[in-house]
Amino acid sequence: MTIQKIMVVGAGQMGAGIAQVCAMSGIEVVLHDIKEEIVEKGMLAIDKQLQRQVEKGKLTKELKEETLSRLSSSTELQKASTVDLVIEAVIEKMDVKTSLFQELDKIAPEHAILASNTSSLPITEIAAATSRPEKVIGMHFMNPVPVMKLVEVIRGLATSDEVYEEIKALTKKINKVPVEVNDFPGFVSNRILMPMINEAIYTVYEGVAEPEAIDEVMKLGMNHPMGPLTLADFIGLDTCLFIMETLHEGFGDDKYRPCPLLRKYVKAGWLGKKSGRGFYRYE
């Protein structure tokens with residue numbers, strides 16, 4: 001099967017980024033969300049991102065227009081009946097994802113692959129909500145999608161070899177690098193990254209150093225492009241907390257226990273860059 005048409009469900013930052021890179025690679029894309037204004041915001045974000053590339057000389061006006069011509073918007077999930085692949089990029093809640101996959105399973109064509117962009121939730125459990133678990137797979141894109149090369153391709157317990165190969169080929173087609181990962185909490189990226197961020201938060205909590213100092217140590221001493229606390233603010237402290245809770249629950253190991261300060265900040269609404277305050281203040 002050749003994937004010619006994709007629906008991306010969820011028009012937020014991740015979904016819009018996924019839709020953009022797929023459309024840039026010559027694939028017809030339907031960007032879907034439940035509210036018209038969210039879809040419009042996602043489409044506008046893609047237009048702005050492409051325009052920036054034109055202004056920098058990295059993209060021609062013609063290629064920008066061709067990319068936009070391959071994109072269409074949707075608030076009707078029924079449009080999944082015409083696609084070869086659905087990539088889900090909605091909120092990181094298992095009940096929301098399983099409910100969506102149950103619906104998609106009824107609407108999408110029999111041959112269609114259902115992929116999740118989840119950053120930590122088990123693909124096997126999501127797949128179990130459908131009648132086609134062999135056609136369910138994880139495609140964990142990194143943020144920001146147009147820039148970051150990695151896609152973790154996560155095989156559920158029932159994911160077929162054919163589906164894995166199809167998604168691996170697609171990932172290469174959209175100029176990303178697929179890395180095969182098995183279905184464990186947090187996969188590889190967040191299983192390693194989030195405990196590091198959590199430990200950085202513990203060093204603030206215990207008064208070892210100020211956030212600026214912790215970030216400087218990791219940037220200058222470990223050659224990280226961004227300090228862990230700045231990165232946590234960028235990801236969203238609520239997202240960091242959710243992933244740590246998923247790891248803690250999934251492995252039952254207290255080394256994944258979320259730092260109390262992380263919980264406190266989230267309860268205070270200090271979610272990082274998106275809320276204007278996290279470990280740093282943002283205008």
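Because the structure is predicted, anything quoted here is derived from the model rather than measured. (Residues numbered from 1 in each chain as written. Predicted model: local features only at pLDDT ≥ 70, side-chain atom pairs only at ≥ 80, totals over all residues. Heavy atoms only, no water.)

Caption draft 1: Summary view of the overall build of the protein. When you go through the protein residue by residue, the secondary structure sums to 11 helices and eight strands. A globule of 283 residues ought to have a C-alpha radius of gyration of about 19 Å, and the protein, at 19 Å, matches this closely. Counting every position in the protein, which comprises 283 residues, the buried fraction comes to 50%. Long-range contacts, defined here as pairs at least 24 residues apart, represent 67% of the contacts in the protein between residues at least 6 apart. A total of about 13,900 Å² of accessible surface is found on the protein, and carbon and sulfur atoms cover 53% of it. On the protein, the mean spot of the 33 positive side-chain charges and the mean spot of the 40 negative ones are 4 Å from each other. (Helix = DSSP H or I, 4+ residues; strand = E, 2+ residues; numbered from the N terminus. Rg over C-alpha atoms; globule rule 2.2 N^0.38 Å. Buried < 20%, exposed > 50% of the residue type's maximum accessible area, 1.4 Å probe, protein only. Contact = heavy atoms within 4.5 Å. Areas by Shrake-Rupley, 256 points an atom, 1.4 Å probe, with all protein chains shown as cover. Lys, Arg positive; Asp, Glu negative; His and termini not counted. Charge placed at Lys NZ, Arg CZ, Asp CG, Glu CD.)

Caption draft 2: How the structure looks around the packing of aromatic side chains. This structure, assessed with the given rule, holds four aromatic pairs. Taken together, a centroid distance of 6.2 Å and an interplanar angle of 70° make the contact between Tyr202 and Tyr205 edge-to-face. Pair noted here: Tyr202 and Tyr205 are both in helix H7 (residues 189-205), with a separation of three residues, about one helical turn. In this structure Tyr202 comes out as buried when scored by relative accessible area, which is 12%. Taken together, the ring pairs connect Tyr265, Trp270 and Phe279 into an aromatic cluster. (Phe/Tyr/Trp six-rings, centres within 6.5 Å; stacked < 30°, edge-to-face > 60°.)

Caption draft 3: Geometry of the pattern of salt bridges. Using the criterion set out here, one finds 12 salt bridges in the structure. Among the salt bridges present, the one from Lys97 reaches Glu92, with a minimum N-O distance of 3.2 Å. Assessed through its relative accessible area of 0%, Lys97 is described here as buried. Exposure remark for Glu92: the relative accessible area of 16% places this residue in the buried category. Measuring nitrogen to oxygen at the nearest pair gives 2.9 Å for the salt bridge that ties Asp238 to Lys274. In this pair, Asp238 is assigned in helix H10 (residues 237-251) and Lys274 in the segment after helix H11 (260-267), connecting sequence segments 36 residues apart. Here Asp238 falls in the partly exposed class, since its relative accessible area comes to 27%. By relative accessible area, which is 54% here, Lys274 ends up exposed. Put simply, Glu88, Glu92 and Lys97 are held in one network by salt bridges that share partners. (Salt bridge = Lys/Arg side-chain N within 4 Å of Asp/Glu carboxyl O.)

Caption draft 4: Spatial organisation of the packing of helix H1 (residues 13-24) against helix H2 (residues 36-55). Packing of H1 against H2 leaves a shortest axis separation of 9 Å and a crossing angle of 55°. As judged from the angle between their axes, H1 and H2 are oblique. Read as a crossing pair, H1 and H2 show a hand that is right-handed. Between H1 and H2, the contacting residues are Ala16, Ala19, Gln20 and Met24 on the first element and Gly42, Ile46, Gln49, Leu50 and Gln53 on the second. Here the residues of the contact of H1 with H2 sort into five nonpolar, four polar and no charged. (Axes fitted to C-alpha atoms, helices over the stretch in contact; angles between N-to-C directions. Parallel < 35°, antiparallel > 145°, perpendicular 65-115°, else oblique. Left-handed = near helix turned anticlockwise from the far one by under 90°. Nonpolar A, V, L, I, M, F, W, Y, C, P; charged D, E, K, R; others polar.)

Caption draft 5: How the structure looks around the domain arrangement of the protein. Domain boundaries in the protein define domain 1 (5-182) and domain 2 (190-273). Once you take the C-alpha centre of each, domain 1 and domain 2 turn out to be 27 Å apart. On the domain 2 side, the residues contacting the six residues of domain 1 number five residues. Summing both sides of the interface, domain 1 and domain 2 together bury roughly 510 Å²; the carbon and sulfur share of this comes to 62%. Considering only the surface of domain 1 that becomes buried against domain 2, Glu92, Ser119 and Ser120 emerge as the three largest contributors, covering 58% of it. The interface formed by domain 1 and domain 2 includes zero salt bridges. (Domains from an automatic or database assignment. Buried area = accessible area lost by both parts, 1.4 Å probe.)

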